Every structure is written in C-alpha cells, then in structure tokens.
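# A closer look at the structure
Chain by chain, the residues run as shown.
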Amino acid sequence: MIDTFFIAFWTVMVFASIAWYGYLLFHVGIKGGWDIVRMIRALSGQPAKPEASGPKDP
Amino acid sequence: MLLAPIDWIIIVVYMVGCVVAGVWMRRYVRNVEDFAVAGREMDLNLGVASLAATEVGIVTVMYTAENGFKNGLAGATPGLLGCIMMLIVGITGFVIVPMRNAGVMTIPELFENRFGKHVRWLAGVVVILGGVLNMGIFLRLGGDFLMYVSGLDPSVSFHLELPWFSFDLNMLEAMMTGLLIVVLLYTVLGGMLSVLITDYLQFLVMGAGIVVTSVLVIWNVGWSNLIDGLWQAHTSGVKLVDTSIAGETTKVAMAHPFNPIKAFGWGWVTWQAMLSIAIVTTWQTTIARVLSARDASTAKAVYRRTSFYYVGRFGLPGIWGIGAFLYFWHQGGLPQGMGSLTAMPAFLHTILGPGLLGIVIAAMLAAEMSTDSGYLLTWATVIYNDIISPCLRKPLSPWAKLLTVRLLVLAIGVFLVFYGLWYELPGAAWDYLAVTGNIYLASLFTLLVGGLYWRGANSWGAVAAIVLGAIGPITFLVVNAIVDKKDQISPEVAGWSAFGMSFAGMIVGSLVGQAMGKGQPAAAESSLPAKEQAP
C-alpha cells in the first residue's frame, strides 16, 4: 500500500519535471532574452524598457 | 561508435557561440560591482535561467544519476527537499530579503555589520575552504561523463615529445583543462555579466538535452518495466560489482527504490532537509543571484519559480542512473573499470544516436561551463571582498580591484586543474559534496539566522559557531581518508554534528560573551544589517 503511494508519487514527480523543464525552456527562453536586452540597455546608459519581466507584486 | 560529424558540428557551434557571447559582455564591465553582481540589473527570467544553469552541472548529473543507480526513485529525495525549502524561502523571504536589502556583494560582508570585521574575515576563509574543496571534483567527474558518453577510454593518453622534455598527456585531463581555459576566458573578462549571458544560452541547450535524454531513456526502458525492474532488483538482492577504483571492488545493491525512509533512514533524510534549507539560504553561488537581482521581490520570485526545477535536477538524471542499473544488470554486470558513477554515461552512449549524442554532449558541456563559471566567479569575489579587502589599509583603485578579482578567478582555475584531476573520491559523490559544503553551510547558516533574527547573537557566538561548525565535516574528511571502510563516519553523523555544534556554539558563545560584557561590535545594536538602519 505504502509502496504504491510512493510509486504513484514519484511517477507524478518525474513526468511533471519533464513537463516543467519543457515549459521553462520556452517561457524563460523567450522572456529571459528580453531581460538580456533590457539589462544591456540599462548598462549602456540608455533608457530601459519599461516592462521588464520582474514580478508584479509590490 | 564515436562521434559523428553532425555531433561535432553541434558541439563546435555551441562552444563558439558561448565564447563569443561571453567575451562580448566584457565591454559593459566598468567596476567590481558590474563584474561581481552584474550591476544588480538581473531580472526575473534571466535569474531563473542563470540559477538553474549554475545549479545543474555535469557533476550534478553524475551524482544524481549515481543516487538513482543505488537508490532508485528514492534517490531523488534531496531534490524534493530542496524544492520544498526553496519554495518556502521564496514565499516568506526568509534570510534572502534582509540579505538583498542590505546591498552587500557576499554573505560574509553582511556579518561585518553585525559581528565585526574579524568575523567577516573568518567567515570568508571558511566559505572558501568549503566552496573550493566542494568544487574540486567537478573537473574529474565532468571528464568521466564526457569520455564515457562519447565512447572513449578515459585511461587513453598520448606521449608528447618536445625538444626540451617529453611527457604523457591523459586525454581526459587534456580535454577538461581545455574546457576550463575556455570558461576562464569569458569569466575573467566579463565576470557576472558574461556568466549571465552564457548561463542563459547554457540553460536553453542544457534544458533541451535533459528533456530529450529523459524522454529517450523512458522510451527505451518503458516506465512499467523500469518500476518492475527496480522492485525485482531490490527484492532479489542483486549486486553489481564496481571496479572503478584500481585494486578495490565494491558491491552495489539496489536499496528500497521508492521509500526514502527505508532507503536512507530518518537520520539521513532529516539531515538532507536541514542541508537543503541551509543551501538555499547560504550557498554563495545561489545567493549570488539574490544579490544580483534588481530587488528583494525579484529575488523571491526567482526562488519560487526555480523551486520545482530542483525535483527534476535529481529526478531526471536519477532516471538515467536507474536505466543504467537495469541495462548493466541484464548485461550480466558492469564492465571492468566501470562504477556506479560512470555506468550512466556509458549507458547513454548505447541509446543515443548521431545528432542526439551531439545535443546531449553540448548540453552537458553547457551544464559544466555554467557551473564552473558561476562558481569561479563567486569564490573569487569572496576571496577579494572578505579575505583580502578587510586586510587592506587603503582601498584599491577601481582598476586594481577589478584586476585582483580577475587574477583570483584565474588562480582558482589553476588550483582546480591540479586538485580536481588527481583527487580520488573515497565514497559517493553526493556525500563528498554535501560534507565539503557543510564545512561552511552549518556555520554560516547559524550566523545568518542568529545575526538576522536573534538580538542576543554576538561575535563570541559567531566565532564559536564558525569554528565548531567546521570541525565535524573536516573530521569526517580526514578520518574517512585514513580508516577502513567499515569504521568510517557516516555522512549524516558528520552533517548533523556540524549543525548541532554550530548552533550550540552560537548560543553558548553569545551567552558567555554577554555575561562578560564582550562580543558586541559598537556599531551593531540591532539585528538588522547596517544599510537598513540608515535613516
């Protein structure tokens, strides 16, 4: 019984990890690229893009 | 089967792209703050990419796969604990918010405000001792992976005849030294800015490689076959013979593959939980991303979003290790010279075809390079900021500071070539990493918690915590290097004793200091960092 729980648990964890890695690859891949552009602009002393991908919470 | 032309093209394109991007960022480095913390301009998604890339190196893939090879799915327990702790810290801001708000570049710098200059210096020494020893095995394990996955023999060496002397050049050592030179090139020139850009590229390549490889392993083995195979391996008590260390044989049996308590015991699991909270709040390479973040809110968000990555960090390479165990079990055992660490890359070599092999090697090169660059930069910054700088009578000029940090990155690289390529692991890779990391994790975690959240903490307690926290892991390393295997100290005993002694040192030392009216620096009356107290 307890082993069945652990098997189900690890199965969910492994497949969720693959899905999460795949999602982050695209999401962070696109938004991280914009973060680089904004960072380089800020470091160059040019006005930064207003909407960086930073969190919206206060 | 060795590498096909398409594999070489993928690897070369990736390497050239990384070096060009890294070196190009040099133009934006104006001072040490740009070099060490990217001018504190890092945003959320770049932070996620950088943290994820730095925290997954070939060494990570090797030890997490080894955990899967020996402990099945239960081997992913440290990743699950890391995820939980990271999420808690990302939600509450425990330790990381006051640290980011303090505006410091390293953790020991924070301690000067609270405990005085000598504690900062001592903390810096302990951080370097633990951090650099920890990094010491990266090159060897990375080289092992690349050799086995490429189908090459790691013992192959070339005899070189030069006009003035001749020597034998081992292929593994030559390859890893070359890789380190490439990493040093862009890290020395561009610092954290180069690290962030290359981490981003490496995150993409590495993520694709991890997903593709995991899907391929599950496809080849079959999920239900994998679960059944693990259970049969455990219940039948089958043992694979590890002959990776010359003249020594170790039998590897599959522990309970699903239940972490049955596989490891409560002592190890609770130590891992303690270690995880210490790592996510104290490990300088992780904290470097907190300190590079635009603000505390961004730092918290980076933690929340990266947290689940930790499950895959252990779980997915763990699947590769399990695949290797089942494959070699059905082949009749491990080949001569192979062990629990090197079985996984050898197994991957059998299932990856041309093109895929190139992607996986590029992915693992990406993992190794991002980890090496992040670690080199972090430890060099600590040496300059917390060990050299407090000893200077006059502050260095900006260019001299920058030059010093760059030379330190170079010096650590040279140390790694010599230490990293001759050190032979006495036990499991993860235990070595956890114990060497523990040299500073226990004491610095105690100092952070005490300094930030206990008004009674003082420098007497801080010094006692640092010294006592380092004794347990150092004793473990020394004793286990000289005694027989059966008499060795278990990693959880060394780990728990480090945390226990450190906490006891902080409490008893602070109380003694208070009783004697000593130990409190004049400037620090509050538990908040000095920069937060400013009006």
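Residues numbered from 1 in each chain as written. Chains lettered and ligands numbered in written order. Predicted model: local features only at pLDDT ≥ 70, side-chain atom pairs only at ≥ 80, totals over all residues. Heavy atoms only, no water.

### Here's the deal with the overall build of chain B
In terms of helices and strands, chain B carries 23 helices and 4 strands. The C-alpha radius of gyration computed for chain B amounts to 23 Å, which stays within 12% of the reference 24 Å derived for 535 residues, consistent with globular compactness. For chain B, the C-alpha atoms occupy an extent of roughly 70 × 50 × 50 Å along the three principal directions. Burial analysis of chain B (535 residues in total) assigns 63% to the buried set. (Helix = DSSP H or I, 4+ residues; strand = E, 2+ residues; numbered from the N terminus. Rg over C-alpha atoms; globule rule 2.2 N^0.38 Å. Buried < 20%, exposed > 50% of the residue type's maximum accessible area, 1.4 Å probe, protein only.)

### Observations regarding the side chain of Ser340(B)
All names here are of chain B. Inspection of the secondary structure puts Ser340 in the loop between α16 (309-330) and α17 (343-351). Among the residues examined, Ser340 registers a relative accessible area of 4% and is labelled buried. A distance of 2.9 Å separates polar atoms of two side chains, one belonging to Ser340 and the other to Glu66. Sequence-distant contacts of Ser340, defined by excluding residues within four places in its chain, comprise Glu66, Phe69, Lys70, Asp242 and Val252. (Polar contact = N/O pair within 3.5 Å; in protein donor to acceptor, adjacent residues only side chain to side chain. Contact = heavy atoms within 4.5 Å.)

### A closer look at a nonpolar patch on the surface
All names here are of chain B. On the surface, a nonpolar cluster with roughly 620 Å² of combined accessible area is contributed by Trp454, Trp460, Ile507, Val508, Leu511, Val512 and Met516. Among the elements that line the nonpolar patch, the one with the most residues is helix α22 (residues 491-515), at 4 residues. Residue position: Leu511 is located in helix α22. Judged by relative accessible area, which is 45%, Leu511 ranks as partly exposed. (Patch = residues over 30% accessible without salt bridge, like charges linked within 9 Å, V, L, I, M, F, W, Y side chains within 5 Å. Areas by Shrake-Rupley, 256 points an atom, 1.4 Å probe, with all protein chains shown as cover. Salt bridge = Lys/Arg side-chain N within 4 Å of Asp/Glu carboxyl O.)

### Overview of the packing of helix α3 (residues 44-55) of chain B against helix α18 (residues 356-388) of chain B
Between two packed helices, what matters for the description is the angle formed by their axes and the separation of those axes. Residue and element names in this part refer to chain B. Packing of α3 against α18 brings their axes to within 7 Å, and their N-to-C directions diverge by 100°. As judged from the angle between their axes, α3 and α18 are roughly perpendicular. Between α3 and α18, the residues in contact are Ala53, Thr54 and Glu55 and Ala367, Ser370, Thr371, Gly374 and Tyr375, respectively. (Axes fitted to C-alpha atoms, helices over the stretch in contact; angles between N-to-C directions. Parallel < 35°, antiparallel > 145°, perpendicular 65-115°, else oblique.)

### Observations regarding the packing of aromatic side chains
Overall, the coordinates contain 21 aromatic pairs over all chains when judged by the stated rule. For the ring pair Trp283(B) and Trp379(B), a centre distance of 5.5 Å and an interplane angle of 75° mean the geometry is edge-to-face. Here Trp283(B), found in the loop between α13 (266-282) and α14 (284-292), pairs with Trp379(B), found in helix α18; they are 96 residues apart in sequence, far enough to count as distant. Here Trp283(B) and Trp379(B) have matching classes, each one buried. Members of the aromatic cluster, each reached through a chain of ring pairs, are Phe5(A), Phe6(A), Phe9(A) and Trp10(A). (Phe/Tyr/Trp six-rings, centres within 6.5 Å; stacked < 30°, edge-to-face > 60°.)

### Observations regarding the environment of Val512(B)
Following the sequence through the fold, Val512(B) ends up in helix α22. Through-space distance from the C-alpha of Val512(B) to that of Thr378(B) is 34 Å; in sequence the pair is 134 residues apart.

### Things to note about the interface of chain B and chain A
The figure often quoted for interface size is the accessible area lost as the parts come together. Tallying the contact residues gives 51 residues for chain B and 39 residues for chain A. Of the roughly 3900 Å² buried between chain B and chain A, counting both surfaces, carbon and sulfur atoms make up 74%. In this structure, the connection of chain B to chain A is made through 0 salt bridges. Across the chain B-chain A interface, the total number found is 9 residue pairs in polar contact (both at pLDDT 80 or more). Among the secondary structure elements, those contributing two or more residues to the side of chain B that touches chain A are α3, α5 (77-92), α10 (171-221), α11 (223-236), α15 (296-306) and α16 of chain B. Of the residues forming the side of chain B that touches chain A, the biggest block, 13 residues, is contributed by α10(B). Looking at side-chain class alone, the side of chain B that touches chain A contains 34 nonpolar, 9 polar and 8 charged residues. (Buried area = accessible area lost by both parts, 1.4 Å probe. Nonpolar A, V, L, I, M, F, W, Y, C, P; charged D, E, K, R; others polar.)

### As for the pattern of salt bridges
All names here are of chain B. Scanning all chains against the criterion turns up 3 salt bridges over all chains. In this structure, Glu66 engages Lys70 in a salt bridge whose closest nitrogen and oxygen atoms are separated by 3.5 Å. Taken as a pair, Glu66 and Lys70 lie in helix α4 (residues 58-71) at a separation of 4 residues, close to a single helical turn. Take Glu66: its relative accessible area is 4%, and that puts it in the buried class. Residues joined in a network through salt bridges with shared partners are Glu112, Arg120 and Asp386.

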